[in-house]
Every structure is written in structure tokens, then in C-alpha cells.
Amino acid sequence: FGMSGTVKFASLKTQMKNKKAILTGVLLQFLVLPFLGFVAVKSLQLDPVMGVMLLVVTSSPGGSYSNWWCSIFNADLALSVTMTTISTLLSVVMLPINLLLYANTAFHADVVKTIDWPALLVSLVIVITAIVTGLYCSASIKWQSFNSFANKLGNISGISLIIFSAVVANSESESDMLGRPWQFYVGVAAPVVLGLIVSNILSSFFQLQKPERVTVSVECCYQNVGIATSAAVTMFKGSELALALGVPLYYGIVEAVILGLYCVVAWKIGWTKAPADENICVVVTTSYEAKSDSGYEVVDEVDKTSTQEGEIV
């Protein structure tokens, strides 16, 4: 809600016309990443519990944290929210298609029957509701500072959810991720790393703007692991549940670390909307998206010496 509320509706409508970036994102989200998940499952011979859960993760839509990362490091947040909205809507169809295709190819048909489709659908509906509500508030509330307020709310919520997830993960002894076979660690992490590499190659090949490349790459790899977690709780019991929960938990840790480092590097090499030489505390607490949407130019320190702060462009 907070991240979608940050984006002005006019910016969202503009991004809906950005067909090249959106199509690139859809290609990566629903073709490349699910395939990479399938390759990891087959090549490392993951057991059905871990394998099915990894396929659920890689077939899911982009997670809400992807908007948070794009907001914190000032990638193209409007594109991020647009892509999250579109991928979530498309996932109602694409998630079952990819899951059925790759699960049937990798495992016996009986394994596919254990998938809890209603639980997956409920999780998708919750995400769609939050996004639509945020966009509606952004379009209807005439308070000038609402977008900045929503941005701060989203950032605080994102940090709180990360802390909450870490506490829950560490308090659940049965889903302890230490002592598992190396195939688990490599297999679950591989789609994130390979997806990030492929995303940057394809987005650069299609000549997307640099902030768009960062957004597309984050959206491709940062999955809604909550969907897989919900599915695991309803699909498995006992030791299998502990094994299944480890997949979205570990994937969530890997995607947070890898994409966090990626966002820092992207900012420092000038691929985001934030000045590369700005203090990191200023960058993560300032929405350059909101500034640019307000009609103010975001300038670097050199420009500031010759331009009055807040000059309208």
C-alpha cells in the first residue's frame, strides 16, 4: 500500500505506455525465472518437497519488497509498482501454468496434486487489494504531502516486516536452515543470482534507461515468498513442513542480501535517480521519485552550486 501510494497516478499512466520496459519485465518474470527454477530443480535433483516449493517461489509474482528496494535506492518506483501490479494480475493465470508445466515435468503427477491452489489464490488477492488501494488513495487524496507520507510509511513497514521475518525464522527451530545438503543452498540461491545476471544483460540489450534496468532486475528476482510460505503451511505437515518452509525463508534471505548489494552498486555507478555522491543516509530517506513528480529537478552537488535549490524545471 505504502509504495503504490507513493506513485502519482499520472506517473503510473505514463509507465503503462512504457511497453518495452514492461514487456521485458514480463518476459523475465514469467519465462526466464520459472525456467531457471526448473533448471535448478532438475540439475541438482532436489526432492519433491524442496523442488515444488522452489517452483512455487520462482513462478510467483514480484514481492512487495521489490517496491521497497526501488524506493530506498531510488530506482524507477513508478515502473516497479506498475510491474508489480501487472505481474500480480498475470500471475493468477501464469503461476498455475508455470507450476503445472514444470512440476509435471520434474516430478510425478501425485506431487502436483498436493499443491493448495486456493491458498495461492488468496495470497494473490491480498497483494492485488493492497496495490489497488494505494493507487486509489494516491489518485483521490488531494493532500500535497500524501505521496511522501506514503513513501515513509512504506519504508517503515518494509523495515518492520524484514525484522519480523527474521525473528520468526530464528524462533522456529523446526525450520532451522543449518545442516541441510549443499544442493539446497545452491539450488535455492541459483535463480536469484542467474536471474539478476540475465535481467541486466537483457535490459541493457533492449536499451532501457538505467533506473529502468535496476527496476526490471529487482522485479525479476524479488519474489513474493509469502505466497510460497502460505502454500507450505497448508500443503505439508511435520518434518516436511519444516523442510518446505526453509525454501521461501532461505530464498528471501538470499534475495534480500544479493539485491540489496546490487542496489548499492547500481546507485554508486549512477544507475538510479539518486546522486551517486550523495550521503547514503540522505539517499535512503529521500524520495527522488516524489521530487521529480512534483516538478523539481534532482541535481547533483555540482549543479547545486549554480542552481537554486527547488528550482522548477
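Once a new chain begins, its residue numbering starts again from 1 and follows that chain's sequence as written. Local features in a predicted model are, by the rule used here, given only for residues with pLDDT of at least 70; side-chain atom pairs are given and counted only at 80 or more, and totals for whole chains, interfaces and linings are based on all residues. In computing side-chain values, all of the structure's heavy atoms are included and hydrogens and water are not.

1. Thoughts on the overall build of the protein chain
Item 1. Secondary structure summary: the protein chain contains 16 helices and zero strands in total.
Item 2. Here the term buried applies to any residue with accessible area under 20% of the maximum for its type, exposed to any over 50%, and partly exposed to those in between, with areas from a 1.4 Å probe on protein chains only. Here the protein chain holds 313 residues, and the buried ones make up 51% of them.
Item 3. Considering only contacts within the protein chain whose residues lie at least 6 apart along the sequence, 80% involve residues at least 24 apart.
Item 4. Here the accessible surface of atoms and residues is derived via Shrake-Rupley with a 1.4 Å probe, and residues count as covered only by protein chains that are part of the display. Entry remark: accessible area of the protein chain is about 14400 Å², with carbon and sulfur atoms responsible for 68%. Every helix listed is a DSSP run of H or I at least four residues long, and every strand listed is a run of E at least two residues long, numbered separately from the N terminus. We call two residues in contact when some of their heavy atoms are within 4.5 Å.

2. Describing the packing of helix α4 (residues 48–59) against helix α10 (residues 182–205)
Item 1. Running from amino to carboxyl end, α4 crosses α10 at an angle of 15 degrees, the nearest separation of the two axes being 10 Å. Between α4 and α10, the interaxial angle falls into the category roughly parallel. Considering only the axes of α4 and α10, their crossing is right-handed. Listed contacts from α10 to Met-50, Leu-54 and Thr-58 of α4 are Phe-184, Gly-187, Val-188 and Pro-191.
Item 2. Of the residues assigned to the contact of α4 with α10, the class counts are five nonpolar, two polar and no charged. With axes taken as lines fitted to C-alpha atoms, and helix axes fitted only over the stretch in contact, angles between N-to-C directions fall between 0 and 180 degrees. Here the word oblique covers every angle except those under 35 degrees (roughly parallel), over 145 (roughly antiparallel) and from 65 to 115 (roughly perpendicular). Crossing handedness: left-handed means the near helix sits turned counterclockwise from the far one by under a right angle, and right-handed means the same turn made clockwise. Polarity classes work like this: nonpolar for Ala, Val, Leu, Ile, Met, Phe, Trp, Tyr, Cys and Pro, charged for Asp, Glu, Lys and Arg, and polar for all others, with Gly in that last group.

3. Observations regarding a nonpolar patch on the surface
Item 1. Together, Val-92, Val-93, Ile-97, Leu-121 and Val-125 line one region of the surface with nonpolar side chains, adding up to about 410 Å² of accessible area.
Item 2. Of all the secondary structure elements, the ones that give two or more residues to the nonpolar patch are α6 (77–106) and α8 (117–140).
Item 3. Ranked by residue count, the leading element in the nonpolar patch is α6, at three residues.
Item 4. Mapped onto the secondary structure, Val-92 falls in helix α6. Patches here: salt-bridge-free residues with over 30% relative accessible area, like charges joined within 9 Å, nonpolar side chains (Val, Leu, Ile, Met, Phe, Trp, Tyr) joined within 5 Å. Salt bridge criterion: a side-chain nitrogen from Lys or Arg within 4 Å of a carboxyl oxygen from Asp or Glu.

4. What to know about the state of the cysteines
Item 1. Sulfur atoms of two cysteines make up a disulfide when they are within 2.5 Å. Under the counting rule described, the total for this entry stands at zero disulfides.
Item 2. Free of any disulfide, Cys-220 has its nearest neighbouring cysteine sulfur in Cys-221, separated by 4.2 Å.
Item 3. Under the relative-accessibility criterion, Cys-220 is labelled buried at 1%.

5. Looking at the packing of aromatic side chains
Item 1. Ring geometry is summarised as follows: Phe, Tyr and Trp rings, the Trp one being its six-membered ring, pair when their centres sit within 6.5 Å, and such pairs are stacked at plane angles under 30 degrees, edge-to-face over 60 and tilted between the two. Counted by the stated rule, this structure contains six aromatic pairs.
Item 2. An angle of 85 degrees between the planes, with centres 5.5 Å apart, marks the rings of Tyr-185 and Tyr-250 as edge-to-face. Of this pair, Tyr-185 sits in helix α10 while Tyr-250 sits in helix α13 (residues 238–268), and the two are 65 residues apart along the sequence.
Item 3. In this structure Tyr-250 comes out as buried when scored by relative accessible area, which is 17%.
Item 4. Ring-pair connections join several aromatic residues into one group, and the members of that group are Phe-184, Tyr-185 and Tyr-250.
Item 5. We call a charge positioned above a ring when the Lys NZ or Arg CZ atom is no farther than 6 Å from the ring centre and deviates by at most 35 degrees from the ring normal. Over the aromatic face of Phe-184 sits the side chain of Arg-180, whose NZ or CZ is 4.9 Å from the ring centroid.

6. Some thoughts on the nonpolar core
Soluble globular proteins: nonpolar side chains tend toward being buried together.
Item 1. To form a nonpolar core, buried Ala, Val, Leu, Ile, Met, Phe, Trp, Tyr and Cys residues must be joined to one another through side-chain atoms within 4.5 Å. With 73 residues, the main nonpolar core has Leu-54, Leu-55, Leu-120, Val-218, Val-247 and Tyr-251 as its most contacted residues.
Item 2. Per-element tally for this core: the top contributor is α13, with twelve residues.
Item 3. Other than its neighbours up to four places away in sequence, Leu-54 contacts Gly-37, Ala-40, Val-41, Leu-46, Gly-187, Val-188, Pro-191, Val-247 and Tyr-251.

7. Notes on unusual backbone geometry
Item 1. For Gln-45, which is not glycine, the phi dihedral falls at a positive 55 degrees.
Item 2. Using a relative accessible area of 61% as the deciding quantity, one classes Gln-45 as exposed.
Item 3. Although it is not a glycine, Asn-74 sits at a positive phi angle of roughly 60 degrees.
Item 4. Within the secondary structure, Asn-74 is located in the loop between α5 (64–72) and α6.

8. A word on the side chain of Thr-82
Item 1. Within the secondary structure, Thr-82 is located in helix α6.
Item 2. Polar contacts involving the side chain of Thr-82 include one to the main-chain carbonyl oxygen of Ala-78, which spans 2.7 Å. Whenever a nitrogen or oxygen atom comes within 3.5 Å of another N or O atom, the pair is scored as a polar contact, on the condition that within protein one atom can donate a hydrogen and the other can accept it, and that pairs from neighbouring residues in sequence are kept only if both atoms are in side chains.

9. Observations regarding the environment of Pro-96
Item 1. Within the element layout of this structure, Pro-96 appears in helix α6.
Item 2. Put simply, Pro-96 and Leu-121 are 25 residues apart on the chain and 9.8 Å apart in space, counted from C-alpha to C-alpha.
Item 3. Other than its neighbours up to four places away in sequence, Pro-96 contacts Ser-91 and Trp-117.

10. Focus: the confidence of the model for the protein chain
Item 1. Mean pLDDT over the protein chain works out to 77, with 71% of the residues at or above the 70 mark.
Item 2. Confidence of the prediction at every residue is given by pLDDT, a number between 0 and 100. When pLDDT is averaged over each helix and strand of the protein chain, the minimum, 36, is found for helix α16 (residues 301–304) and the maximum, 95, for α10.
Item 3. Counting interchain partners and residues more than four positions distant, the pLDDT-below-50 stretch residues 2–6 has 28 contacts.
Item 4. The low-confidence segment residues 168–172, where pLDDT is below 50, has two contacts with residues more than four positions distant or belonging to other chains.

11. Comments concerning the environment of Leu-249
Item 1. Considering the arrangement of structural elements, one finds Leu-249 in helix α13.
Item 2. For the pair Leu-249 and Ala-228, spaced 21 residues apart in sequence, the C-alpha separation works out to 9.5 Å.

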